[in-house]
Every structure is written in C-alpha cells, then in structure tokens.
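As a plain string of letters, each chain reads:
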Amino acid sequence: MDTVVDIQVVARERDAMKEAEARIDRAFEAFRQVEQACSRFSPDSELMIACRQVGTRVPVSPLLFEPLKLALEMAKRTNGIFDPTVGKTMEALGFNRHYLTGQTVESPSDGPVTYRDVVINEREQTIYLHKPMVIDLGAVAKGFAIDLAAHELKSFEGFLVNAGGDLYAGGSDEQGKPWKIGIRHPVRKDQIIFEIDISDRAICTSGSYERPSDKIPGMHHIIDPGTQSSPRRWISCSVIATYAMMADVFSTAAFVMDAAGGEALIEEAELQGIFIASDMQIVRMGGI
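A brief structural summary. This is a predicted model, so every value here is computed, not measured.

Rules and cut-offs
Residues numbered from 1 in each chain as written. Predicted model: local features only at pLDDT ≥ 70, side-chain atom pairs only at ≥ 80, totals over all residues. Heavy atoms only, no water. Helix = DSSP H or I, 4+ residues; strand = E, 2+ residues; numbered from the N terminus. Buried < 20%, exposed > 50% of the residue type's maximum accessible area, 1.4 Å probe, protein only. Core = buried A, V, L, I, M, F, W, Y, C linked by side-chain atoms within 4.5 Å. Contact = heavy atoms within 4.5 Å. Pairing = 2+ DSSP bridges. Axes fitted to C-alpha atoms, helices over the stretch in contact; angles between N-to-C directions.

**Regarding unusual backbone geometry**
In this structure, Q125 is a non-glycine residue whose phi angle is positive, near 55 degrees. Looking at the secondary structure, you find Q125 in the loop between β3 (118-121) and β4 (126-129). Positive phi, close to 60 degrees, is recorded for E270, a residue that is not glycine. Look at E270 and you get exposed, because its relative accessible area is 72%.

See the structure below:
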C-alpha cells in the first residue's frame, strides 16, 4: 500500500508473549491480504483480474467485494462526485508505478466510464463490468485493512493501528487514557496542526500534499471525476468514525466535493471532521 504500518499494543501480564505476537502477526497479514485483493498496481491482484473480465459475472472474495461495495455506495450517495472508476485517469497522471517493483501499469481503455458501469450482486458476491475499466480502491482498501487488523487486536486493553496516518485507536494507552492523536501540518511536516483524543474509533486523512503528480504540476492523487483534475479547496480532510473504512471513504469523498457539500456529507452521516482549507483555516465538524 506504499505506506509504513505501525502497530502498538498495551499488553498486561496475562497476555502471553507468543499469543500476543501471533495476534500482531495476523494483524499485519491483513494488510498483505487486502493489498493482494485490491491493488490496481499488480496485474495478478484479484481486482485487476476482475477488471480484465468485461461482460461476465466474476465471483470475488469478501476482501474485494466489501470495499468495492462501500466505494460504489459512496459514488451513488455523491451522484458520482466520488467515483472509484477513475483508475485509468490515475494511470494517465502518472500514478501507475508499483511502489515495490517500480514496474508501470498501462491498462487498456474503451472511452469514459462511471460507477454505473459496475454492477455487483451481493447475494452471489459477483462483479459485472459493462466496459473495460480500472477500478481504484485507494479510498477504501487501507481503511478496510486497518479494520481487519483492529479486529485481530480487540482483546488487548489498548492498541493502535497506524497506516501512514490513517489509524484505529482501540481502548486506552499505557496510562489508561484515550489515545492522543495529532494531525500533521500540511505544510510544515515536522509540526502538528491539531490534536484530538480518541478511543475505539478511527481517524483517516485525505490530503493534497502526500502524492503529487510527476507529470502535471498542481495535480495530486485525489481526482474529481467530472473535471479530471485535483480539487484545491481543501488541503486536508480528516474524518473520525467508528470504522476506518468509513472514515477513509468519507474523508476522500468530502475532499472532492465543494465546501458546502463536503461539510453536509459529514454532518448528515453524524461523523466528526477536521478540515483544513487552502488558507490554513481549520473547520471543525460534528461537535469537535
């Protein structure tokens, strides 16, 4: 997933060392499994194999189906302002290089596509594509992996799963208090711009500063499907939710929407948000 995953646990004497290590190993394994299922950078991932099968029902595992289902639900909720079928556009902007191998991906395309060209069957756990496309699950896959990892660690009195700043904080820290989480300053990378205490919740951040395009100045990895350009009204959108996959997709969708739409999206879902505008103004939502 091109990020560092850090896991911390608060273990008491009753937690046998071998048992604790086994649970932590399973938590890390969740990231490997989700990446193998959902990566658009690996031609042998479950997602890319499914993307090559147009016009037929493709059975897929829950590791692919669940994040895709949420991404499509968000696309419908925002009427396509958020759309996971932007993968080919992402490739054209230079976001097509595997972070481990350096190999680039060039996928075939057959004109414009939208989320409406993807049909899923929940009962049969299948995907049906009307057109050739590349699905990008970058707004849901990492959050999904964080949630699976958190599930493996839930018996600890406290734990923290941090995947490049997107995280889930379970229970309490070493002092028995809620976890104190800092949101990084978008410009001054060594500074924290906002702190918040959370417990048994996730916080995920979408920002324009993390992954700029090497091909087009001013473009980054978050794309408005309608304009095929990067929104600039926000620098950073952080969302707090019960699950990391929910925080992940809502932070990305809000980033793509206009200011009023993004705030309404968070408020209607009864979530909390800390948004940072291009002029560095901090906007708090949901009672923060």
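**Description of the nonpolar core**
Of all hydrophobic cores here, the largest spans 68 residues; its most connected members are I135, L137 and F275. When residues no more than four places from it in sequence are discounted, the contact partners of I135 are R40, L47, C51, L68, P84, V118 and L129. Formed by 15 residues, the second largest nonpolar core is a distinct cluster that contains A169, I181, I196 and I203.

**Quick word on the sheet that holds strand β2 (residues 58-59)**
Read across the open sheet, the three strands follow the order β2-β4-β3; overall the sheet is antiparallel. Looking at the sheet topology across the chains shown, the edges are occupied by β2 and β3. In terms of strand pairing, β2 meets β4 through two bridges, oriented antiparallel. Paired with P59 across the two strands is T126, which belongs to β4.

**Digging into the sheet that holds strand β12 (residues 282-285)**
Sheet architecture is open: seven strands sit in the order β1-β5-β6-β9-β10-β11-β12, paired in antiparallel fashion. Where the open sheet ends on each side, the last strands, each with one partner, are β1 (5-10) and β12. The mean angle between the axes of side-by-side strands here comes to 10 degrees, regardless of whether they run parallel or antiparallel. Two strands pair when backbone bridges link them, and strand β9 (residues 201-207) and strand β10 (residues 234-241) are joined in this way by six bridges, in the antiparallel orientation. Pairing of G207 across the sheet is with S236, part of β10. Sheet strands in contact with helix α5 (residues 141-153) are β1, β5 (158-163) and β6 (166-171), and its direction is about 160 degrees off that of β5.

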